[in-house]
Amino acid sequence: MPPKHILNAPTKLMQEIGYGAGYAYDHEAEGGFSGQDYFPEEMGRRVFYRPTDRGAEAAIAERLARFAELRRKRKG
């Protein structure tokens, strides 16, 4: 089951049981990055892509590292 904070709450009952509560919209967060996790906690953070150090992938690697650092700072 996905975390409740990312689930839509179209009914009053769903709102009352916490669907959508605590969702942080990235575009409204400082720096445009909330750092929220969107996978169930039991899964933990997984790496699905490992960019190389060549071309545009080097820039992607830098961005991913920056996001990881922001996430670490916001949690700790």
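To be clear, the structure that these remarks concern was listed above.
Note that this is a predicted model, so its numbers are computed, not measured.

A. Looking closely at the overall build of the chain. Looking only at helices and strands, the chain has two helices and zero strands in total. For 76 residues, the compact-globule estimate of 2.2 N^0.38 gives 11 Å, and the chain exceeds it by more than 25% at 16 Å. The C-alpha extent of the chain, read off along each of the three principal axes, is 50 × 25 × 25 Å. Across the 76 residues of the chain, 16% fall into the buried class. Of the contacts formed within the chain by residues at least 6 apart in sequence, a portion of 34% connects residues at least 24 apart. Split by element, the accessible area of the chain, about 6,300 Å² in all, is 54% carbon and sulfur.

B. Structural view of the environment of Gly31. Inspection of the secondary structure puts Gly31 in the loop between α1 (12-16) and α2 (55-75). Residue classification places Gly31 among the exposed positions, given a relative accessible area of 69%. Along the chain, Gly31 and Leu70 lie 39 residues apart, while their C-alpha atoms are 9.5 Å from each other.

C. The arrangement of the side chain of Arg71 in detail. Inspection of the secondary structure puts Arg71 in helix α2. Exposure remark for Arg71: the relative accessible area of 15% places this residue in the buried category. If near-sequence neighbours (up to four positions away) are discounted, Arg71 is found in contact with Phe33, Gly35, Asp37 and Arg45.

D. Spotlight on a nonpolar patch on the surface. A cluster of nonpolar side chains, Phe39, Met43, Phe48, Tyr49, Ile60 and Leu64, forms an exposed patch at the surface whose accessible area comes to about 590 Å². Following the sequence through the fold, Ile60 ends up in helix α2. What makes Ile60 partly exposed here is its relative accessible area of 37%.

Analysis parameters
Residues numbered from 1 in each chain as written. Predicted model: local features only at pLDDT ≥ 70, side-chain atom pairs only at ≥ 80, totals over all residues. Heavy atoms only, no water. Helix = DSSP H or I, 4+ residues; strand = E, 2+ residues; numbered from the N terminus. Rg over C-alpha atoms; globule rule 2.2 N^0.38 Å. Buried < 20%, exposed > 50% of the residue type's maximum accessible area, 1.4 Å probe, protein only. Contact = heavy atoms within 4.5 Å. Areas by Shrake-Rupley, 256 points an atom, 1.4 Å probe, with all protein chains shown as cover. Patch = residues over 30% accessible without salt bridge, like charges linked within 9 Å, V, L, I, M, F, W, Y side chains within 5 Å. Salt bridge = Lys/Arg side-chain N within 4 Å of Asp/Glu carboxyl O.

On their own, these measurements won't tell you what the molecule is for.
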